Amino acid sequence: MKTPIYLDYQATTPVDPRVLEAMLPYFSDVFGNAASRSHAFGWTAEEAVETSRAQIASLIGASAKEIVFTSGSTEAINLAIKGVCDMYGSRGKHIVTCQAEHKAVLDTCKHIEKEGFEVTYLKPDKTGRVSVEDVRAALRDDTILVALMWANNEVGTIHPVREIGALCKERKILFFTDATQAVGKIPVDVEADHVDLLCLSGHKIYGPKGAGCLYVRRRSPRVRLVAQMDGGGHERGMRSGTLNVPGIVGLGAACAVAEADLDKDREHSNALREAFEKKVLGSLDHVVINGDVEHRLPGCSNLSFPYVEGESMIMGIKDLAVSSGSACTSASLEPSHVLQAMDVGDELAHSSIRFGFGRMTTSEQVDFAADQVIEAVKKLRELSPLYEMVQEGIDLSTVQWQGGH
Ligand code: PLP
């Protein structure tokens, strides 16, 4: 089978060769346990871990001591939300989040609801954005945490994080942001953006899978968390477990490369996306861009192709590795919860495809991808009675449907 062109950079990214090179010695030559205090093997590993901590901190404007290593964002999200609830639950039992968050946040919120917390799930607007006014209106005297992602993984919409952070600071409510898709792609500064807790993950930024971290603010305010994993008291008691030294070295190296190349990467991904959308939208009618075109992650293009079913599209563009939103995370054909929250309607939700461009994507690949998409949509629409009706000028809203549509 021919290897398809990888256009799924929001799902994961390949490890950058510079990152791999940095990691390799830590699998065999420098294999010490970073917690071994009594010999050089441990010291060398610990030094590498501390270098990584500083590299991550530098990328997000934090200090190294504020970085807690985890296995990725899912774990960091669990630690942040459950850790805050367990620590501050006596002050209040209300949390604010958004319906379009990643399942790691939504499912963690469902968990704490079972423990007596109340969660407000804000509805985003049609572009997937939540405004600072929406957040303000949801705050209560017993709100202890606002958990809102920096940028959405399905449509790429970027929230007004700085304003929401400032609001939370003013109201003395902790602000956690899932920045998994934002870090390394757009500037992130926990000080200027008033963030108290933030998670990021290696495999989304050309680093290894299974390595991520939680930023935990140490000053004004000092955030305290109840650990969710009992054990040897690693990471200042917040996350026990022997550190994944090669993974951590890779995560740090990925952050250092991301910091150095941020502008270059951003321009590259944006240019590819623009070229792709220009070609596709220029050749096909009725194509809809999902997300906020003004506040959107570079390299993320979520398009709906009305009168074409998403799954048939995926089959029709076999040479491209893309995602139909997160619609088919399970065997069910439920439309994506993000698109549903945005009220885009069933037709658009079912025909949505996410194209993700990144550091290793070339303009030739994008050109080829656009041609494939155009060809597949044209073919599939030839088979669509609905499209035929639209072409004939029939207003579909006046049509009486038999059964469900
Ligand atoms: N949050 C967002 C926005 C994501 O895109 C992902 C990855 O899909 C996660 C959380 C989970 O990250 P990880 O794979 O590191 O657990």
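Our structure is the block above this text.
Residues numbered from 1 in each chain as written. Predicted model: local features only at pLDDT ≥ 70, side-chain atom pairs only at ≥ 80, totals over all residues. Heavy atoms only, no water.

1. Re the pattern of salt bridges
Point 1. Inspection of the entire model under this criterion finds 23 salt bridges.
Point 2. Among the salt bridges present, the one from Glu118 reaches Arg140, with a minimum N-O distance of 3.0 Å. A residue pair is termed long-range when its members are at least 10 positions apart, and Glu118 in strand β4 (residues 118-122) and Arg140 in the loop between α5 (132-138) and β5 (143-147) qualify at 22 residues.
Point 3. Residue Arg140 is classed as partly exposed on the basis of its relative accessible area, which comes to 28%.
Point 4. Here Arg162 ties to Asp193 by a salt bridge, and the two come within 2.7 Å at their closest N and O atoms. Placement of the pair is Arg162 in helix α6 (residues 161-170) and Asp193 in the loop between β6 (174-178) and β7 (197-201), with a sequence separation of 31 residues.
Point 5. On the basis of relative accessible area, Arg162 is assigned to the partly exposed category, the value being 43%. (Salt bridge = Lys/Arg side-chain N within 4 Å of Asp/Glu carboxyl O. Helix = DSSP H or I, 4+ residues; strand = E, 2+ residues; numbered from the N terminus. Buried < 20%, exposed > 50% of the residue type's maximum accessible area, 1.4 Å probe, protein only.)

2. Brief notes about the sheet that holds strand β12 (residues 352-356)
Point 1. What the three strands build is an open sheet, ordered β9-β10-β12; its pairing is antiparallel. On the outer flanks of this sheet lie β9 (288-290) and β12, each paired with one strand and no other. Here the strands of the sheet are splayed against their neighbours by 35° on average, with no regard to which way each runs.
Point 2. Sitting on the sheet, helix α7 (residues 245-283) touches β9, β10 (300-304) and β12, and the angle it makes with β10 is about 15°. (Pairing = 2+ DSSP bridges. Axes fitted to C-alpha atoms, helices over the stretch in contact; angles between N-to-C directions. Contact = heavy atoms within 4.5 Å.)

3. As for the sheet that holds β5
Point 1. With respect to topology, seven strands assemble into an open sheet ordered β2-β8-β7-β6-β5-β3-β4, the strand pairing being mixed. Either end of the sheet is taken by a strand with one partner, and the two such strands are β2 (67-70) and β4. The sheet shows a mean angle of 20° between the axes of neighbouring strands, direction not considered.
Point 2. Summarising the sheet, β6 and β7 pair through three bridges and their orientation is parallel. Across the sheet, Thr177 pairs through a bridge with Leu198, a residue of β7.
Point 3. Packing of helix α2 (residues 40-60) onto the sheet brings it into contact with β2, β7 and β8 (212-216), and relative to β2 it is tilted by some 115°.

4. A word on a positive patch on the surface
Point 1. On the surface, a cluster of positive charge is made up of Lys65, Arg91, Arg222, Arg224 and Arg236.
Point 2. By the element assignment, Lys65 lies in the loop between α2 and β2. (Patch = residues over 30% accessible without salt bridge, like charges linked within 9 Å, V, L, I, M, F, W, Y side chains within 5 Å. Areas by Shrake-Rupley, 256 points an atom, 1.4 Å probe, with all protein chains shown as cover. Lys, Arg positive; Asp, Glu negative; His and termini not counted. Charge placed at Lys NZ, Arg CZ, Asp CG, Glu CD.)

5. Overview of the site of the ligand
Point 1. As a matter of local geometry, the ligand sits amid 13 residues, with Thr74, Asp178, Gln181, Ser201 and Lys204 nearest to it.
Point 2. One nitrogen or oxygen atom from the side chain of His102 is found 3.3 Å from an oxygen atom belonging to the ligand.
Point 3. Asp178 has a polar side-chain atom sitting 2.6 Å from a nitrogen atom of the ligand.
Point 4. When the free accessible area of the ligand is taken as 400 Å², the share hidden by the protein chains comes to 85%.
Point 5. Top element by residues in the shell around the ligand is helix α3 (residues 73-88). It accounts for three residues. (Near = heavy atom within 4 Å. Polar contact = N/O pair within 3.5 Å; in protein donor to acceptor, adjacent residues only side chain to side chain.)

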